[in-house]
Amino acid sequence: MMTPRWLFAALWLLATPALSAPRLSPVCEPVNAEAVDGPREFAPEVTRALDAIVRAELSQGPVAGLTVGVTRGAQRWVCGYGLRDMAKRLPATPRTTYRMASVTKSFTAVAVLQLVEQGKLDLDADIHTLVPGYPAKQWTVTVKDLLGHLSGVPTYDGVASSNNVKPVSTLEAISAFSEKPLAFEPRTRYLYSTWGYNLLGAAVEAASGKSYRDYLREKVFQPSGMEHADLDVTATRDEHQAVGYRVKEGVLKPSRFLDVSSRFGGGGTRATVGDMLGFGRAVLAHRLVTRDTMGKMQASMATSDGRLTDYGMGFATYPLRGHYLVAHAGGQPETTTLLVMFPAEDTVIALATNIEGEAKRLRRLSIRLMEGVLEGGVTRRDAHFTDPVDSVVYEGLGRIASYGLAYHLWATRGPGTLPPDEDLPGAFARVSELLDRKRIGKDGKGALERIRSGHDPKLGSVFIRVGAQMARTLEKAHGPERLLAYPAEGPLSFFADYLAACEAQGVPDTERFGEPLRADLLRFVAGWKRAEVPALLRLRLDEEQNPEPHWPTLKKAAALSPDVRPDYSDELLRIAEGFAWRKQAVNRVRWLERAVELHPRSVDARWALSQALLTVKRDGEVLAHLQEALATPQGAVSLAPMSFIKRVVMDSEAPPRVGLGLLRAGVALHPESPELWDALAKREKAQGHKAEAKAALRQARRAREARPEPSSSEPPANRAGVDRGSGPVPDDHGLVRPRQTL
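Fair warning: this is a prediction, and the values are worked out from it, not measured in the lab.

*Asks:* Help me out: how do you make sense of helix 8 (residues 194-208) in this one?
*Replies:* For an α-helix, the turn length of 3.6 residues means that residues three or four places apart are oriented alike. Across its 15 residues, helix 8 extends 21 Å between first and last C-alpha, which sits within 8% of the 21 Å expected from 1.5 Å per residue. Most of helix 8 is tucked away, with 12 of its 15 residues classed as buried. T194, W195, G196, Y197, N198, L199, L200, G201, A202, A203, V204 and S208 are the residues of helix 8 that are buried. For helix 8, the N-terminal cap is S193; the gap from its side-chain oxygen to the backbone nitrogen of W195 is 3.4 Å. A positive phi of about 75° marks G209, the residue just after helix 8.

Following this line, the structure appears as structure tokens:
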């Protein structure tokens, strides 16, 4: 019988006097259904669906308090779930205030751009001329560099630098890092830096003549209707402030204390979810800065070698399934937050919880809410392919459709702009070359990496330009409302309709795709239709109380289309996660084996199964699964040595022997990697295996000595906060980029 993790948390809480189990009945904000000027209610069926989505998510793990808010146009829905204070059994409500953490960066960025518009700040100014306490560095660091995390200003470099417990002034906050050298030459790399945003907060004070707090309250919070927003200091807290918790070994414990004045410009505010919605609506309505300025803030910045960073000036920004997403996430002791805006659809989603480290959960929940509000409640799934070439071609189709549709809608319905439309026939020819089956077959890993850069300026932004031209053609053929259906229907529908529109609209041959790609598309569509399960169109397996009856249906559907079928791996992995690592490991393994059976080329399914096998001491089976994953183009990228280490580091909830076993398998896969050997040595030492640790260090030295000198033409590493294809980076302050779903 399945016993989800939240039940263990509840039992622990019942046995602990200080903390008791939360109630899940929501406390919702009243909205006048008849209002003309103010906010209006969503239709009852929509609010019921949104409530069901939240409840399904909260059934999957430890729960304290969560407040959720959604607006679309004048419609608004805000509800609190669980408890803001578990010891006193106080409910989370729409009035509950949470630490905003790094969502603060968006507030700071708006303040900076307001002062730029007033002529009081210059985006190209050297920051040390504005902030005297920050000395000149070996390279010029501009305000714009800091806004886009391209400055080279380092981020926290140890526990002592990030665990401040005393209130500090602006000058003291800057002095904590002012003497540290830049990590790299500005604009050559992306490095997320809260310290960099502290410099921007100090620049706001210098340019405005006001304290950072006063400026935000007068120029950002008040115009946005953020009634309860303020800096998060003891004096501004009241009985509505959420008490923070952290998850340790599946149960909730009080957060450690952190004074956030040391990160004031990058993470020092608090607010309600309603305040977050107010800010989001002010951003979309261009009430804080002009439309032109907001368009520039929402545009992804690029490194000097022409790679988009997925971060603009104060916002994470990129396409998601054809929607143009503008967002920021935050995480620190006591809180996890997420603000997501869709400029083309006039929609804002805001989430805040008083549990730390919940970025992955909030992101997943935001996508489900997006499906409920923007996609008619349809559950969008990617396609799984058994042929590696097919999988790379499909990823290319998905990226063209998503980037093209998102940028077209952002430029026509939002404040965005498209790349220069030069040599469109050449762009179509380049796309056909990138998706050529023969080229992919010769080097799947290299082809995948090129496809994942097809939107970058260094490749002429061809995916954006071609996809946007396709969207224009479809809009002309079917009308603007038809474009809004493609995010739910997926890239196969987008491409199939485009090929038909080419015939009907007389599109020139230079803007069509060759016969091999057309044949692939027809084959993909036919296979998908054979394997699709209509009963699962509007539900997720992991949200079912008993998913077991669906398993025979999935196996039967897969048999009907062995080559291509809907990908259920994410849902199956979520079902498996509901079983505790140790006490229910057998059930965990069973569902993960099913995920691999249904999706044999899924890197994530193989990885998760490897973890579970190590838990039940079936270590001998692990290497074979990871070798299978590595043999795929996606695995060759996402299981490369540094990405492999990131995956191990992310699995903080896994038992210690799991990380150790994965690293032992990692050095077997990549014996030439000194980084993997070093990581293994640290794990062996932590487990008390001194001899094994010394042996691993010897291997690391040998690998380092055998490594050839890097070529001067090699690009710098770590160009973006989330490296496409390497799996998500643990990022509690920016926004975790989806692995493949675009």
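Now, onward.
*Asks:* Mind showing me how you'd approach the packing of aromatic side chains here?
*Replies:* Here the distance between the centres and the angle between the planes together describe a pair of aromatic rings. Going through the model one piece at a time under the given rule, you end up with 19 aromatic pairs. With a centroid separation of 4.8 Å and 80° between ring planes, the pair formed by F107 and F279 is classed as edge-to-face. Of this pair, F107 sits in helix 3 (residues 104-117) while F279 sits in helix 11 (residues 273-284), and the two are 172 residues apart along the sequence. The same class applies to F107 as to F279, namely buried. Relative to W195, the ring of Y156 has its centre 5.7 Å away and its plane inclined at 80°; by these criteria the two rings are edge-to-face. Of this pair, Y156 sits in the loop between helix 5 (143-147) and helix 6 (159-162) while W195 is found in helix 8, placing the two residues 39 residues apart along the sequence. Judged by relative accessible area, which is 26%, Y156 ranks as partly exposed. Through a chain of ring-to-ring contacts, three or more aromatic side chains come together here, namely F428, Y486, F494, F495, Y498 and F513. One residue, R594, lies across the ring of W591, its end atom 4.5 Å from the ring centre. The residue whose ring lies beneath R647 is W607, and the NZ or CZ to ring-centre distance is 5.4 Å.

*Asks:* Whenever I open this one, the pairing of strand 11 (residues 323-332) confuses me. Can you help?
*Replies:* Side-chain positions along a regular strand alternate between the two faces of the sheet. In terms of burial, strand 11 is largely enclosed, as 10 of its 10 residues are buried. Here strand 10 (residues 316-320) runs beside strand 11; their pairing, made up of 5 bridges, is antiparallel. Bridging from a neighbouring strand, L320 pairs with H323 of strand 11. Joining the antiparallel neighbours strand 10 and strand 11 is a turn of 2 residues, in which R321 adopts a positive phi near 60°. Both strand 11 and strand 12 (residues 335-342) contribute to a ladder of 7 bridges, which runs antiparallel. The residue bridging A329 from the neighbouring strand is L338, located in strand 12. As consecutive antiparallel partners, strand 11 and strand 12 are separated by 2 residues, and within that stretch E334 has a phi angle of approximately 90°, a positive value.

*Asks:* Could you clarify how one ought to interpret the packing of helix 3 against helix 8 in this entry?
*Replies:* Describing two packed helices takes the angle between their axes plus the distance from one axis to the other. Running from amino to carboxyl end, helix 3 crosses helix 8 at an angle of 40°, the nearest separation of the two axes being 10 Å. Overall, the two elements helix 3 and helix 8 adopt an arrangement that is oblique. As for how helix 3 packs across helix 8, the hand of that crossing is left-handed. Mapping the contact onto sequence places K105, T108, A109, A111, V112 and L115 in helix 3 and T194, Y197, L200, G201, V204, A207 and S208 in helix 8. Split by residue class, the contact of helix 3 with helix 8 holds 8 nonpolar, 4 polar and 1 charged.

*Asks:* Please clarify how the side chain of R364 should be interpreted in this entry.
*Replies:* Among the secondary structure elements, R364 is positioned in helix 13 (residues 359-374). What R364 contacts, discounting residues up to four positions off in sequence, is E57 and R574.

*Asks:* When you look at the pattern of salt bridges in this model, what are you seeing that I'm missing?
*Replies:* What the rule picks out here adds up to 53 salt bridges. A salt bridge links R574 to E57; the nearest nitrogen and oxygen atoms lie 3.2 Å apart. One end of the pair, R574, is in helix 24 (residues 569-577); the other, E57, is in helix 2 (residues 44-58), and 517 residues separate them in sequence. Side by side, R574 and E57 carry an identical accessibility label, which is buried. For the salt bridge of E334 with R99, the shortest nitrogen-to-oxygen distance reads 3.7 Å. Within this pair, whereas E334 is found in the loop between strand 11 and strand 12, its partner R99 is found in strand 5 (residues 97-99), the two being separated by 235 residues in sequence. Take E334: its relative accessible area is 12%, and that puts it in the buried class. Within the structure, one salt-bridge network assembled from shared partners comprises E57, E358, R361, R364, R540, D542, D570 and R574.

*Asks:* What should I look at first to understand the nonpolar core in this one?
*Replies:* Most often, soluble globular proteins keep nonpolar side chains buried together rather than apart. Core analysis: the largest hydrophobic core is formed by 105 residues, its most contacted members being L147, F279 and L369. Once residues within four sequence positions are removed from consideration, L369 is found in contact with L50, I53, V54, V68, V70, I349 and L351. L572, W607, L609 and A612 belong to the second-largest nonpolar core, a separate cluster that totals 51 residues.

*Asks:* How should the state of the cysteines be read in this particular structure?
*Replies:* By definition, a disulfide is the covalent link that joins the sulfur atoms of two cysteine residues. On inspection of all chains with the given rule, the structure shows 1 disulfide. Between the sulfur atoms of C28 and its disulfide partner C79 the distance amounts to 1.9 Å. On the sign convention where negative means left-handed, the S-S torsion of about 105° between C28 and C79 marks this disulfide as right-handed. With C28 in strand 1 (residues 27-28) and C79 in strand 3 (residues 75-85), this residue pair connects regions lying 51 residues apart in the sequence. C28 sits in the partly exposed class, given a relative accessible area of 38%.

*Asks:* What am I meant to see in unusual backbone geometry here?
*Replies:* Apart from glycine, the bulk of residues carry a negative phi angle, and the bulk of peptide bonds sit in the trans form. A positive phi angle, close to 60°, is found at H149, a residue other than glycine. As for its position among the elements, H149 is in the loop between helix 5 and helix 6. Of note in this structure, S461 is not a glycine but carries a positive phi near 50°. By the secondary structure assignment, S461 is in the loop between helix 17 (444-451) and helix 18 (462-478).

*Asks:* Sorry if this is basic, but what is going on with the environment of L409 here?
*Replies:* With respect to the helices and strands, the residue L409 is situated in helix 14 (residues 388-413). Overall, the relative accessible area of 2% leaves L409 in the buried class. Between the alpha carbons of L409 and A468 there is a distance of 8.7 Å; along the sequence they are 59 residues apart. The contact partners of L409, leaving out residues within four places of it in the chain, are G322, A344, G414, L483 and L484.

*Asks:* Teacher, can you tell me more about a positive patch on the surface here?
*Replies:* There is a patch of like positive charges on the surface, built from K690, K694, R698, R701 and R702. Its location among the elements puts R702 in helix 32 (residues 690-706).

Definitions and cut-offs
Residues numbered from 1 in each chain as written. Predicted model: local features only at pLDDT ≥ 70, side-chain atom pairs only at ≥ 80, totals over all residues. Heavy atoms only, no water. Helix = DSSP H or I, 4+ residues; strand = E, 2+ residues; numbered from the N terminus. Expected span 1.5 Å × (residues − 1). Buried < 20%, exposed > 50% of the residue type's maximum accessible area, 1.4 Å probe, protein only. Polar contact = N/O pair within 3.5 Å; in protein donor to acceptor, adjacent residues only side chain to side chain. Phe/Tyr/Trp six-rings, centres within 6.5 Å; stacked < 30°, edge-to-face > 60°. Lys NZ or Arg CZ within 6 Å of the ring centre and 35° of its normal. Pairing = 2+ DSSP bridges. Axes fitted to C-alpha atoms, helices over the stretch in contact; angles between N-to-C directions. Parallel < 35°, antiparallel > 145°, perpendicular 65-115°, else oblique. Left-handed = near helix turned anticlockwise from the far one by under 90°. Contact = heavy atoms within 4.5 Å. Nonpolar A, V, L, I, M, F, W, Y, C, P; charged D, E, K, R; others polar. Salt bridge = Lys/Arg side-chain N within 4 Å of Asp/Glu carboxyl O. Core = buried A, V, L, I, M, F, W, Y, C linked by side-chain atoms within 4.5 Å. Disulfide = S-S within 2.5 Å. Patch = residues over 30% accessible without salt bridge, like charges linked within 9 Å, V, L, I, M, F, W, Y side chains within 5 Å. Areas by Shrake-Rupley, 256 points an atom, 1.4 Å probe, with all protein chains shown as cover. Lys, Arg positive; Asp, Glu negative; His and termini not counted. Charge placed at Lys NZ, Arg CZ, Asp CG, Glu CD.

That's the geometry; what it means functionally is another story.
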